[in-house]
Each structure stands twice: as C-alpha cells, then as structure tokens.
Amino acid sequence: MDFVPRLCGWLVRRRRLLLAVAVILTAVAWPISRQLAFDQSIESMYAPDSPRLLEFQRSKATFGGDEFLIVAYRDPELFDDDGRLTDDARDRQERLIEQIAAVPGIDPHSIQSVSRALASRFAASRVREFIEGVLVGADGETTAVVSR
C-alpha cells in the first residue's frame, strides 16, 4: 500500500523531466507517424475464413474486383403524395430486380432498391432518410437499383 503514494510523489517530483521526455518522444515519433499507412482493403476487415470474405474473393476472381451494377432512372410516380412508394413503382422495381438477378455473376442477395429498403421493419420515414442520395435522389423521382 505504501507503493502508490511513493509512486505519486516520484511522478510529481519529476513532472518537468517527464514532460520534457514526452515532448522529445512526440517530436521524434511525429515524422514516423506521418509515414504510417493502414491496410484499408476490404479483405483486411474480415477473418480469413469469413463466408463474406470468401464470397468477395469469388466475386473478385470472376469480375476482377468488387464491381457494382447501378441502374438509375427517373420515375415521376415513385412516391405518392404522402411520401409512400407507389404500388406501380414497387412492381417496376421488382421486375427490374428479377432481370438483374438473372444476370450471370450477380449475387441476388446483394441487390438493393427503394422497394426492398422500404419493406424493412423500420419506420419508412427513417429508412428514407438513410437511402436518400443513394437509392433515391433528393428530387424524389430519381431512383437506382444497385447490385454487387
């Protein structure tokens, strides 16, 4: 128990020396830290035996990288006056999704669309905030179906 007060006393008595050492170490480490680079690849985010990583690697081998297919179009009748996706727009998106899913090499589970996003169990208004700018444009008429 006598150790903690002695350690605190030692640290307080040598605070100026410790500050000087910290400043010197920071000055020496600063240029080195500016040269550090982190592995920002998708592969580094997963364990080597992760099913998601294995799917990604298979896709990368097939397509030469993780490529995205983005089909964007304008649909003036995408939303009704209350901001809900219209049934006709939902049907059009589902037909387009079926066509995209039939393309060889497309992972049908990776297809994202407004109709699928709004079918989630979360509040539609909250989901729309998240997908705006990605699956639906700010104009409320431009939409996209995205797949990997």
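You'll find the structure just up there.
Below: a short report on this structure. (Residues numbered from 1 in each chain as written. Predicted model: local features only at pLDDT ≥ 70, side-chain atom pairs only at ≥ 80, totals over all residues. Heavy atoms only, no water.)

Looking now at the pairing of strand 2 (residues 142–147). For strand 2, the buried fraction is high: five of the six residues fall into the buried class. Pairing between strand 1 (residues 69–74) and strand 2: six bridges, direction antiparallel. From the neighbouring strand, Arg74 faces strand 2, where its bridge partner is Thr142. (Buried < 20%, exposed > 50% of the residue type's maximum accessible area, 1.4 Å probe, protein only. Helix = DSSP H or I, 4+ residues; strand = E, 2+ residues; numbered from the N terminus. Pairing = 2+ DSSP bridges.)

Among the surface-exposed residues, Phe3, Val4, Leu7, Trp10, Leu11 and Leu18 lie close enough to one another that they form a single nonpolar patch of about 540 Å² accessible area. Counting residues per element, the nonpolar patch draws most heavily on helix 1 (residues 3–13), at five residues. In this fold, Trp10 is placed in helix 1. (Patch = residues over 30% accessible without salt bridge, like charges linked within 9 Å, V, L, I, M, F, W, Y side chains within 5 Å. Areas by Shrake-Rupley, 256 points an atom, 1.4 Å probe, with all protein chains shown as cover. Salt bridge = Lys/Arg side-chain N within 4 Å of Asp/Glu carboxyl O.)

Given a rise of 1.5 Å per residue, 15 residues ought to cover 21 Å, and the 21 Å separating the end C-alpha atoms of helix 4 (residues 87–101) matches this to within 8%. Every buried residue belonging to helix 4 is among Ala89, Gln93, Leu96, Ile97 and Ile100, and all of these are buried. One face of helix 4 carries all of its buried residues, which in axial projection span an arc of 105 degrees. Of the exposed residues in helix 4, those oriented more than 90 degrees away from the buried face are Asp87, Glu98 and Gln99. Elements that come into contact with the buried residues of helix 4 comprise strand 1, helix 5 (114–118) and strand 2. (Expected span 1.5 Å × (residues − 1). Arc of directions from axis to C-beta. Contact = heavy atoms within 4.5 Å.)

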